[in-house]
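# Structural description and commentary
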Amino acid sequence: MIRFILAKLARAVLTILLVMTFAFIVLRMSGDPAQILLGPDAPQDAVDAFRARWGLNDPIWQQYLAYLKQILSFDFGISMRDQSPAIDLVLARIPATLALTVPALILKLAIGIPAGVYAALHRQSIADRGVIMMSIFGFTIPSFVLGLVLVLIFAVKLDWLPSGGQDSWRHAILPIATLSVGGIGILARFSRSAMIEVLGQPYIRTAMAKGLPWREVVWRHALPNAAVPIVTLVGFMVGALIAGAVVVESIFSWPGVGRLIVVSVANRDLAVVQCLLLVIAASMVVANLLVDFAYGLLDPRLRAKAAAH
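Here we summarise the structure given alongside this text. (Residues numbered from 1 in each chain as written. Predicted model: local features only at pLDDT ≥ 70, side-chain atom pairs only at ≥ 80, totals over all residues. Heavy atoms only, no water.)

Now for the overall build of the protein. Within the protein, the secondary structure is distributed over 13 helices and 0 strands. When the helices and strands of the protein are read in sequence order from the N terminus, they spell out α-α-α-α-α-α-α-α-α-α-α-α-α. Projected onto the principal axes, the alpha-carbon positions of the protein cover approximately 85 × 60 × 25 Å. The buried share of the protein, reckoned over its 309 residues, is 38%. In the protein, the share of contacts with a sequence separation of at least 24, taken over all contacts with a separation of at least 6, comes to 74%. For the protein, the accessible area works out to roughly 17,000 Å², and carbon and sulfur atoms hold 68% of it. Put simply, the protein has 25 plus and 17 minus side-chain charges, and the middle of one group is 16 Å from the middle of the other. (Helix = DSSP H or I, 4+ residues; strand = E, 2+ residues; numbered from the N terminus. Buried < 20%, exposed > 50% of the residue type's maximum accessible area, 1.4 Å probe, protein only. Contact = heavy atoms within 4.5 Å. Areas by Shrake-Rupley, 256 points an atom, 1.4 Å probe, with all protein chains shown as cover. Lys, Arg positive; Asp, Glu negative; His and termini not counted. Charge placed at Lys NZ, Arg CZ, Asp CG, Glu CD.)

Turning our attention to the pattern of salt bridges. Evaluation of the coordinates by the stated rule reveals 2 salt bridges. One salt bridge connects D82 with R81, and the closest N-O pair in it is separated by 4.0 Å. Residue classification places D82 among the partly exposed positions, given a relative accessible area of 39%. Here R192 ties to D128 by a salt bridge, and the two come within 2.5 Å at their closest N and O atoms. In this pair, R192 sits in helix α8 (residues 173-199) while D128 sits in helix α6 (residues 126-140), placing the two residues 64 residues apart along the sequence. The two residues R192 and D128 agree in class, both being buried. (Salt bridge = Lys/Arg side-chain N within 4 Å of Asp/Glu carboxyl O.)

For the pair α8 and helix α10 (residues 214-251), interaxial distance at closest approach is 8 Å and the crossing angle is 150°. Between α8 and α10, the interaxial angle falls into the category roughly antiparallel. The interaxial crossing formed by α8 with α10 has right-handed handedness. Class assignment for the residues of the contact of α8 with α10 results in 22 nonpolar, 6 polar and no charged. (Axes fitted to C-alpha atoms, helices over the stretch in contact; angles between N-to-C directions. Parallel < 35°, antiparallel > 145°, perpendicular 65-115°, else oblique. Left-handed = near helix turned anticlockwise from the far one by under 90°. Nonpolar A, V, L, I, M, F, W, Y, C, P; charged D, E, K, R; others polar.)

This part takes up the environment of R123. Looking at where R123 falls in the secondary structure, it is placed in the loop between α5 (86-121) and α6. For R123, a relative accessible area of 48% translates into the label partly exposed. Spatially, the C-alpha atoms of R123 and R192 are 9.3 Å apart, while their sequence positions differ by 69 residues. Those residues in contact with R123 that sit more than four places away from it in its chain are D128, R192 and I196.

Once that is clear, we can look at the nonpolar core. Core analysis: the biggest nonpolar cluster contains 18 residues, and L187, M195, I204 and A222 have the highest contact counts within it. Those elements giving two or more residues to this core turn out to be α5, α8, α9 (202-209) and α10. At 8 residues, α10 tops the list of elements feeding residues into this core. With residues near it in sequence (within four places) discarded, M195 still touches V117, A120, L121, V218, A222, L223 and A226. With 16 residues, the next largest nonpolar core counts V151, A155, L161 and L174 among its residues. (Core = buried A, V, L, I, M, F, W, Y, C linked by side-chain atoms within 4.5 Å.)

Within this structure, the stated rule accounts for 4 aromatic pairs. Seen from their ring centres, F24 and Y67 are 5.4 Å apart, and the 25° between their planes marks the pair as stacked. Highlighted residues: F24 in helix α1 (residues 2-29) and Y67 in helix α4 (residues 60-72), separated in sequence by 43 residues. A single burial state applies to F24 and to Y67, both of which are buried. (Phe/Tyr/Trp six-rings, centres within 6.5 Å; stacked < 30°, edge-to-face > 60°.)

Orientation of helix α7 (residues 143-157) relative to α8, taken along the N-to-C sense of each, is 140°, at an axis distance of 9 Å. With respect to each other, α7 and α8 are oriented oblique. In this structure, α7 meets α8 at a crossing whose hand is right-handed. Side by side, α7 and α8 meet where S143, L146, G147, L150, V151 and F154 of the first sit next to L174, A177, T178 and V181 of the second.

Note on placement: Q63 falls in helix α4. You can call Q63 buried: its relative accessible area is 12%. Beyond its immediate sequence surroundings of up to four residues, Q63 is in contact with F24, R28, G55, L56 and D58.

Below, the structure is given as structure tokens:
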């Protein structure tokens, strides 16, 4: 188990390093922050002074080494736009994003998995067909289209909910619904397929032939084995929630990390964008690590395979 954990941790560190390097290079190739923040009419002296102030005149390899030295000392840089520590700007936005993504993830798990399992246990029923239709709808409709439709119905036509902002809990309902619907459908369909596959395995027929009650067969044999691929999907959904937050927060004017990414990229605020990508990459890596550990606990064969390598 120790070798399994160490192997996963080493891959996590390498992944974060690759994300840092890729983000650093791409951001410096995408445009000049001095021209964007100072404007096209800024005097050349001001542009030169800005570039010298932020070390943009140095060779890119030298900038990269300086950036790595900063990160190792837990210095995430200063915002070119706000003159504030980048990490402070990011941390100030995280609670708002968590207020959307955590309830959305809970709704996906609480509705999607039970719906998929119920559909698998009642194949060809009305409930089964309803789950399939819901999953198709959730998989195909883009989040920005769903968000606009929900605003049109519940904010404009019915006037039940606000269309944007963060003044009360009512403002979070539509963004959470937008983040949840697609994942609920996908998780329900995947849970249904995993459960149907497990129910067709020989050990399930053996358990039933021994006279075990159907409820015990489902809870003790079918569900634990069906949970293995479902756990993997949940790990991917954490990353999808972060990506979806960028769109949803822009639609509903929600002051979270997603909206900060859009503003920072538009202004080429290098330190803030790099800090945001680092935090997002770290959160996704941690989520995948937890999934890998859960995967190893659910299936001991994976631990043995990882230890062998």
